[in-house]
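Topology and contacts: notes
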Amino acid sequence: MSARPTTRPRVNHFSSGPCAKRPGWTPQALADAALGRSHRSPLGKTKLGQAIDLTREILQVPADYRIGIVPASDTGAVEMAMWTLLGCRPVTVAAWEAFGKEWVTDALKQLKIEPVIHQTPYGVLPDLASIDTKTHDVVFTWNGTAAGVKVPDGAWIAADREGLTICDATSAAFAQDLPWDKLDVVTFSWQKVMGGEAAHGMLILSPRAVARLESYTPSWPLPKVFRLTKGGKLIEGIFKGDTINTPSMLAVEDYLDTLNWAQRIGGLPALHARADANAAAIYAWVDRTPWVAPLAVDPATRSNTGVCLVIADPDVLAKGDEAVAALAKGIAARLEKEGVALDIAAYRDAPAGLRIWCGATVETADVEALLPWLDWAFAQEKAALTQAA
């Protein structure tokens, strides 16, 4: 049986959202928050504008793309895009895990636009080359948070497309390359790769998306929090910090703190490198560890943020799905009780296994310290499973 490790992760936060705070974070980082001030005051508007400007700088968003802070996290941003932009041309929705399935539900059951659906099981991408990106509007998730599967690149998206691409990039932004010339709408939330606080989403629109907004009015009613135009024109203030509803200035301050941290460490290349190093440590361990395997089948599609793993031990698999699920949950619970790793169980609708966040705010040394504990916990849980049988 694997020996009990002696070295623990310095920070045991491996949740896939909200994610680990940036290294060295303390509540003091929020000391300059505009608390008790209106978000429409000069100070409030300045801070919201800074959040937008730093997002553009660090993410390297083209100058002619609009960036807005919107309510309801990434979910709100995606739904805002779908409800305001879709309906005037054919739509395709691609889904390979829980969150993509939500966009299928929105298009099919709520908007009732009869989309073409490309849906595959957890761990496998659909045939991206078969998706009509030339004439259809396409809704898809760049990185499947619950499946550990990412789109490898944007080569499958037509450069001369007539429709729009709406990309849920919440677990990809700041960690993976986003080809802006192929993306018309990009959404993400602060609490993922940047480890900010939750509640707010980011909506990034290409000039083509803006043109659609100003030339098309959906047939369905739009609630106030979805409205991006007035009198047929884009409400420009939304993309300058004049938010639709009242934002948390405490959360804004926290996002500014993590953006400034990203700037200090070297910007986007440094963020990518940190996530890559974290994921590489886990995948190298997986390669030499027979009891575990990546949920993502194709190595080219394996995420460098939400790394999802499944149980591969033949003895455990032979005992059936309930035993596999019990063992995976047992590992997560045992390591939480030990104070070694928090929130590493697989997403509730995903195949039984583990999910370890490897975004840029996580230290590689902490990932490496976790790995022997995973071996130890597996050995403990397998022994308990065997004894129970």
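What counts, and where the lines are drawn
- Residues numbered from 1 in each chain as written.
- Predicted model: local features only at pLDDT ≥ 70, side-chain atom pairs only at ≥ 80, totals over all residues.
- Heavy atoms only, no water.
- Helix = DSSP H or I, 4+ residues; strand = E, 2+ residues; numbered from the N terminus.
- Buried < 20%, exposed > 50% of the residue type's maximum accessible area, 1.4 Å probe, protein only.
- Contact = heavy atoms within 4.5 Å.
- Axes fitted to C-alpha atoms, helices over the stretch in contact; angles between N-to-C directions.
- Left-handed = near helix turned anticlockwise from the far one by under 90°.
- Nonpolar A, V, L, I, M, F, W, Y, C, P; charged D, E, K, R; others polar.
- Phe/Tyr/Trp six-rings, centres within 6.5 Å; stacked < 30°, edge-to-face > 60°.
- Lys NZ or Arg CZ within 6 Å of the ring centre and 35° of its normal.
- Expected span 1.5 Å × (residues − 1).
- Polar contact = N/O pair within 3.5 Å; in protein donor to acceptor, adjacent residues only side chain to side chain.
- Salt bridge = Lys/Arg side-chain N within 4 Å of Asp/Glu carboxyl O.
- Pairing = 2+ DSSP bridges.
- Right-handed = clockwise from strand over helix to strand, strands pointing away.
- Core = buried A, V, L, I, M, F, W, Y, C linked by side-chain atoms within 4.5 Å.

1. Comments concerning unusual backbone geometry
Look at the link from Gly-17 to Pro-18: it is a cis peptide, with omega at -10°. Tracing the chain through its elements places Pro-18 in the segment before helix 1 (42-59). Although it is not a glycine, Ala-72 sits at a positive phi angle of roughly 70°. Following the sequence through the fold, Ala-72 ends up in the loop between strand 1 (66-71) and helix 2 (73-85). Unusually for a residue other than glycine, Asp-343 sits at a positive phi of about 65°. Summarising the element assignment, Asp-343 is placed in the loop between helix 8 (321-337) and strand 14 (353-357). A residue is classified by how much of its surface remains accessible, and Asp-343, at 45% relative accessible area, is partly exposed.

2. A closer look at the side chain of Thr-145
Turning to its location among the elements, Thr-145 is positioned in the loop between strand 5 (143-144) and strand 6 (149-150). Its relative accessible area of 5% is what places Thr-145 among the buried residues. Ignoring anything within four residues of it in the chain, the contact list for Thr-145 reads Ser-16, Glu-97, Phe-99, Thr-170, Ser-171, Lys-192, Cys-308 and Arg-355.

3. Some thoughts on the packing of helix 1 against helix 5 (residues 249-265)
Where helix 1 meets helix 5, the closest approach of the two axes is 10 Å, and the angle between their N-to-C directions is 35°. The interaxial crossing formed by helix 1 with helix 5 has left-handed handedness. For the pair helix 1 and helix 5, the contacting residues are Gly-44, Lys-47, Leu-48, Gln-50, Ala-51, Leu-54, Thr-55, Glu-57 and Ile-58 in the first and Met-249, Val-252, Glu-253, Tyr-255, Leu-256, Leu-259, Asn-260, Ala-262 and Gln-263 in the second. Here the residues of the contact of helix 1 with helix 5 sort into 10 nonpolar, five polar and three charged.

4. Looking at the packing of aromatic side chains
By the definition in use, this model includes 11 aromatic pairs. Aromatic pair Trp-83 and Phe-226: ring centres 6.0 Å apart, planes at 55°, arrangement tilted. Placement of the pair is Trp-83 in helix 2 and Phe-226 in the loop between helix 4 (207-215) and strand 10 (229-230), with a sequence separation of 143 residues. In this pair, the class of Trp-83 matches that of Phe-226, namely buried. Plain terms: the ring middles of Trp-285 and Trp-291 are 5.7 Å apart, the flat faces sit at 75° to each other, and that makes the pair edge-to-face. Taken as a pair, Trp-285 and Trp-291 share a single burial class, namely buried. Grouping aromatic residues by their ring pairs yields a cluster made of Trp-83, Trp-220 and Phe-226. Here the basic side chain of Arg-302 rests over the ring of Tyr-283, its NZ or CZ set 5.9 Å away from the ring centre. In this structure, Arg-334 is placed above the aromatic ring of Trp-376, and the distance from its NZ or CZ to the ring centre is 5.8 Å.

5. Quick notes on helix 3 (residues 98-110)
Compared with the 18 Å implied by 1.5 Å per residue over 13 residues, the 17 Å span of helix 3 between its first and last C-alpha is a close match. Among the residues making up helix 3, those that are buried are Ala-98, Gly-100, Trp-103, Val-104, Asp-106 and Ala-107. Buried residues belonging to helix 3 abut helix 2, strand 2 (91-95), strand 3 (116-119), strand 4 (137-141) and strand 7 (165-168). With a side-chain oxygen lying 3.2 Å from the backbone nitrogen of Phe-99, the N-terminal cap of helix 3 falls on Glu-97. Of the residues flanking the end of helix 3, it is Lys-112, one or two places downstream, whose phi is positive at about 55°.

6. Comments concerning the pattern of salt bridges
Overall, the coordinates contain 17 salt bridges when judged by the stated rule. A salt bridge links Arg-8 to Glu-338; its shortest N-O distance comes to 3.4 Å. On the criterion of sequence distance, the pair formed by Arg-8 in the segment before helix 1 and Glu-338 in the loop between helix 8 and strand 14 is long-range, its members being 330 residues apart. Its salt-bridge partner being Arg-40, residue Asp-242 comes within 2.3 Å of it at the nearest N-O pair. Residue Asp-242 is found in the loop between strand 11 (233-234) and helix 5, and its partner Arg-40 is found in the segment before helix 1; the two are separated by 202 residues along the sequence.

7. Some words on the pairing of strand 3
Relative to strand 3, strand 2 is paired through four bridges, and the arrangement is parallel. What sits directly across from Thr-92, in strand 3, is Val-116. Note on the crossover from strand 2 through helix 3 to strand 3: the handedness is right-handed.

8. As for the nonpolar core
Counting 100 residues, the largest nonpolar core has Phe-140, Phe-174, Ile-282, Ile-331, Leu-335 and Leu-374 as its most contacted members. Leaving out residues up to four positions away in the same chain, Ile-282 has contacts with Val-307, Leu-309, Ile-356, Cys-358, Val-367 and Leu-371. One finds Val-93, Ile-166, Val-210 and Leu-213 within the second-largest nonpolar core, a separate group that totals 34 residues.

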